[in-house]
Amino acid sequence: MTRYAFTNVRIFDGTGEDPYLGDVLVEDKKIIQVARAPEKVGTEGARVFEGRGRFLMPGMTEAHTHFSWNDQPSLAAIQFMPPEEHMLWCVRVAKRYLDMGWTCAIGAAAAKPRLDVVLRNAIDAGEFPGPRYLAGSQEITTIGALGDNTLPHMPFEELSFGSVCSGPEEIRRAARTFIKYGVDHLKINLSGEYIAGLPAEMSPFSEEEVAMLSREAKRYGKRIAAHARSSESVKLCVRHGIEMVYHASFADAQALDMLEAAKDRHFVAPGIGWLVRTTYHAAEYGITEAVATQMGYKRELEVAAQSLREMHKRGIRILPGGDYGFAWMPHGTNANDLQYFVDYIGMTPKEALLAATALGGEIMMQPDTLGKLKAGYTADIVLVDGDPLQDLSILTDPAKIQLVMKDGVIYKECATPTPKDAALHLEGADFPLREEGVKEALAEMA
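Residues numbered from 1 in each chain as written. Predicted model: local features only at pLDDT ≥ 70, side-chain atom pairs only at ≥ 80, totals over all residues. Heavy atoms only, no water.

**Describing the overall build of the protein chain**
Our working rule: Every helix listed is a DSSP run of H or I at least four residues long, and every strand listed is a run of E at least two residues long, numbered separately from the N terminus. We compute the radius of gyration from the C-alpha atoms alone; for a globule the expected value is 2.2 Å times N to the 0.38, where N is the number of residues. Three labels apply to residues, based on accessible area from a 1.4 Å probe with only protein chains included: buried if under 20% of the type maximum, exposed if over 50%, partly exposed otherwise in between. We call two residues contacting when some pair of their heavy atoms lies within 4.5 Å. Each accessible area is a Shrake-Rupley estimate made with a 1.4 Å probe; only the visible protein chains count as cover when residues are assessed. His is not counted, nor are the chain ends; Lys and Arg add positive charge and Asp and Glu add negative charge. In this description, the location of a charge corresponds to atom NZ of lysine, CZ of arginine, CG of aspartate or CD of glutamate.
Along its length, the protein chain carries 15 helices and 17 strands. In summary, the protein chain has a C-alpha radius of gyration of 22 Å against a globular reference of 22 Å for 446 residues, a match within 12%. Once the C-alpha set of the protein chain is aligned to its principal axes, its extents read approximately 65 × 50 × 45 Å. Relative to its 446 residues, the protein chain shows a buried fraction of 57%. A separation threshold of at least 6 residues defines the contact pool for the protein chain, and within that pool the share at least 24 residues apart is 67%. Element-wise, carbon and sulfur atoms account for 52% of the exposed surface of the protein chain, whose accessible area totals about 17,800 Å². Mean positive and mean negative side-chain charge positions of the protein chain (47 and 61 charges, respectively) differ by 3 Å.

**As for the pairing of strand β12 (residues 223-228)**
Threshold: Strand pairing requires that DSSP identify at least two bridges connecting the strands. Looking down the strands as they point away from the viewer, one classifies a crossover as right-handed if the path from the first strand across the helix to the second runs clockwise.
Taken across its six residues, β12 has six buried, putting it largely inside the fold. Bridge analysis of strand β11 (residues 185-189) against β12 gives five bridges, and the strand direction is parallel. Looking at β12, one finds that Ile 188 is bridged to Ala 226. For the segment spanning β11, helix α5 (residues 207-219) and β12, crossover handedness is right-handed. Bridge count for β12 against strand β13 (residues 244-247) is four bridges, and the pairing is parallel. Bridged to Ala 228 within β13 is His 247.

**Some thoughts on the packing of aromatic side chains**
What counts, and what does not: Side-chain rings of Phe, Tyr and Trp, where Trp is taken by its six-membered ring, are said to pair if the distance between their centres is within 6.5 Å; with planes under 30 degrees apart they count as stacked, over 60 as edge-to-face, and otherwise as tilted.
Tallied over the entire structure, the rule returns 14 aromatic pairs. With centroids separated by 4.8 Å and ring planes inclined at 50°, the aromatic side chains of Phe 67 and Tyr 133 adopt a geometry described as tilted. With Phe 67 in the loop between β6 (60-65) and α1 (75-79) and Tyr 133 in strand β8 (residues 132-134), this residue pair connects regions lying 66 residues apart in the sequence. Tyr 133 sits in the buried class, given a relative accessible area of 3%.

**Here we look at the environment of Ser 163**
On the secondary structure map, Ser 163 appears in strand β10 (residues 162-165). According to the relative accessible area criterion, Ser 163 is buried, its value standing at 17%. Along the primary structure Ser 163 and Gly 322 are separated by 159 residues, whereas in three dimensions their C-alpha atoms are 20 Å apart. Those residues in contact with Ser 163, other than ones at most four positions away along the chain, are Gln 138, Glu 139, Ile 140, Thr 141, Ala 174 and Phe 178.

**A closer look at the nonpolar core**
Under the convention used in this document: By convention a nonpolar core is built from buried Ala, Val, Leu, Ile, Met, Phe, Trp, Tyr and Cys residues, the set being connected through side-chain atoms within 4.5 Å.
Met 57, Phe 67, Leu 119, Leu 190, Met 311, Leu 338 and Leu 395 are the most contacted members of the largest nonpolar core, which totals 121 residues. Considering each element in turn, this core owes the most residues, eight residues, to helix α2 (residues 83-99). Apart from residues lying up to four places away in sequence, Phe 67 is in contact with Trp 89, Cys 90, Val 93, Ala 94, Tyr 97, Ala 105, Leu 119, Pro 131, Tyr 133 and His 331. Ranked by size, the runner-up nonpolar core spans 18 residues in total, among them Tyr 20, Val 24, Ile 31 and Ile 410.

**So, the pairing of strand β17 (residues 409-413)**
In regular strands, side chains alternate between the two faces of the sheet. Where strand β16 (residues 401-406) lies against β17, four bridges are found, and the strand directions are antiparallel. Among the inter-strand pairings, Val 404 is bridged to a residue of β17, identified as Lys 412. Taking the residues that link successive antiparallel strands as the turn, the β16-β17 hairpin has two residues, and the phi of Asp 407 there is positive, at about 55°.

**A short note on empty space enclosed by the protein**
Over the atoms, a rolled probe matching the size of one water molecule traces out where space is still vacant. Stated formally: Any residue with an atom within 4 Å of a point lines the site, the site being either a cavity, points on a 1 Å grid over the protein atoms alone where a 1.4 Å probe fits but cannot get out, or a pocket, an open set with protein on both sides within 12 Å along at least 5 of 7 lines. Grid points are joined across faces, edges and corners, and a volume is the space filled by probe spheres set on the points. Gly is put with the polar residues, along with every residue not named as nonpolar or charged; the nonpolar set is Ala, Val, Leu, Ile, Met, Phe, Trp, Tyr, Cys and Pro, and the charged set is Asp, Glu, Lys and Arg.
In the structure shown here, the tally under the stated rule is two cavities of 30 Å³ or more. Here the largest cavity defines a volume of roughly 140 Å³. Along the wall of the largest cavity there are 15 residues; nearest its centre are Trp 69, Glu 139, Leu 146, Glu 193 and Asp 323. Here the lining of the largest cavity is composed, by residue class, of seven nonpolar, four polar and four charged.

**Some points on the environment of Tyr 181**
Among the structural elements, Tyr 181 can be located in helix α4 (residues 168-181). Looking at Tyr 181, the relative accessible area reads 30%, which means it is partly exposed. Not counting residues within four places of it along the chain, the set of residues in contact with Tyr 181 comprises Pro 113, Arg 114 and Val 117.

This is how it looks when you write it as structure tokens:
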């Protein structure tokens, strides 16, 4: 039996309450006691972490994750990475997420058919550290749409990071193939994407094709996620029970009404970081603000902010995450979404943090065990140096994420600096290393 006690911490428990001073006791994989000061937890037989008022919160959930996006500036650069190196990339990036406090993640499509499944299985088997993961399929797309990278003179499916289908029977075959591979859910590209050359307000799939995917998913007990920027694509999601709606930028009044009427069945992960970063932070890669405006991203950001503000007012569940893994929004910077939720959607910092924690438990289909610091919940815990409710950017700083626990196991622990430690900072290290770990750290960095 393993016991950990976090004492004198400011507890953000994910229930909606304001943070309070107290203690948390963990035994094996579970939280067994949360005590509000002056009450204390029993520390006998426990390793004690003295909080000194630091911020203790549930692990976060990234709701729109592309582990196989490789921090490159183009879709082709993602797809053309050889499969062996691509799998190793996914393993390294999964650890990066965990180290940043993301203890759960939803796969929003893999660049190759089995990358997500193999990564999930390796994490579950304890072979590599990473978030608790629900694996997605490749993007199911259609001819000429987002994900179809084939060329007229080279019509080879290997050139595409999507599974290109045309007609209900090809959709059925793709769905069954990915289900055979062991995915947790399917992903379909129901709308266009400016960077891929198809307008975001375009919806390339027919009703019959989407209905086929929905029937096959339900037959096998699988959920569906959809790239759905256009208003019609959002309506398709509601009509066909597609649970995870990605983007929803151009949702009109009717689409909003439909989402609101079915808000207990749907989640929206808008990927607003993609719109912000591509519009204002991609100039180094050839997408200046003027280019982004010409492509349509600046207008989409303005429209999406209005649509998402309305969704938030209506109580539609909006979660952080989306399309991190491009050069101008690398993996690990995902917590930028939380500030964007405040700036563009009108959330309070507390609402943004609840979207990453409590709503994360819901999209992971474990609302009674994940996303909160409560007795009986799984011990997914993050200790932060600073108050994210005062400055959400703290959650983008590796040095501020001082401890990460998943399933009661500590995967990251930053030592509290001492005078001796201060002399042992290594350039590029995230936190001071104790003397006995220096040789090992140097070897790893080499």
